[in-house]
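# Understanding the architecture of this molecule
Below, each chain spelled out in residue letters.
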Amino acid sequence: MDYIEKVLEKLKDWARKLIETLLGPEPEPEPELIPIPVNDRRR
């Protein structure tokens, strides 16, 4: 069974690479912006 799992994993990798080649890489989610505190007091 371990051999079959390894073969299936290789097939998944090859399929993913083929799809990325044909359609481009998977879109990565945009990182969330981190709010930066600003000292906005007027002097």
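Just above, that's the structure.
Residues numbered from 1 in each chain as written. Predicted model: local features only at pLDDT ≥ 70, side-chain atom pairs only at ≥ 80, totals over all residues. Heavy atoms only, no water.

There is a patch of nonpolar side chains on the surface, built from Met 1, Tyr 3, Ile 4, Val 7, Leu 8, Leu 11 and Trp 14 and spanning about 820 Å² of accessible area. Looking at where Met 1 falls in the secondary structure, it is placed in the segment before helix H1 (2–23). (Patch = residues over 30% accessible without salt bridge, like charges linked within 9 Å, V, L, I, M, F, W, Y side chains within 5 Å. Areas by Shrake-Rupley, 256 points an atom, 1.4 Å probe, with all protein chains shown as cover. Salt bridge = Lys/Arg side-chain N within 4 Å of Asp/Glu carboxyl O. Helix = DSSP H or I, 4+ residues; strand = E, 2+ residues; numbered from the N terminus.)

For the rest of this paragraph, the subject is H1. In a regular helix each residue adds 1.5 Å, so 22 residues correspond to 32 Å; H1 covers 31 Å between its end C-alpha atoms and thus fits that length. One or two steps after H1, the chain reaches Gly 24, where phi turns positive at roughly 95 degrees. (Expected span 1.5 Å × (residues − 1).)

What follows deals with the pattern of salt bridges. For side chains of opposite charge, pairing can occur when their charged atoms come near one another. Under the defined criterion, the tally for this structure stands at 2 salt bridges. The partner of Asp 2 in a salt bridge is Lys 6, with the nearest N and O atoms 3.9 Å apart. Of this pair, Asp 2 and Lys 6 both sit in helix H1, 4 residues apart, which is roughly one turn of that helix. For Lys 6, a relative accessible area of 53% gives the class exposed. (Buried < 20%, exposed > 50% of the residue type's maximum accessible area, 1.4 Å probe, protein only.)

In short, the description is geometric, and any link to function would need to be established separately.
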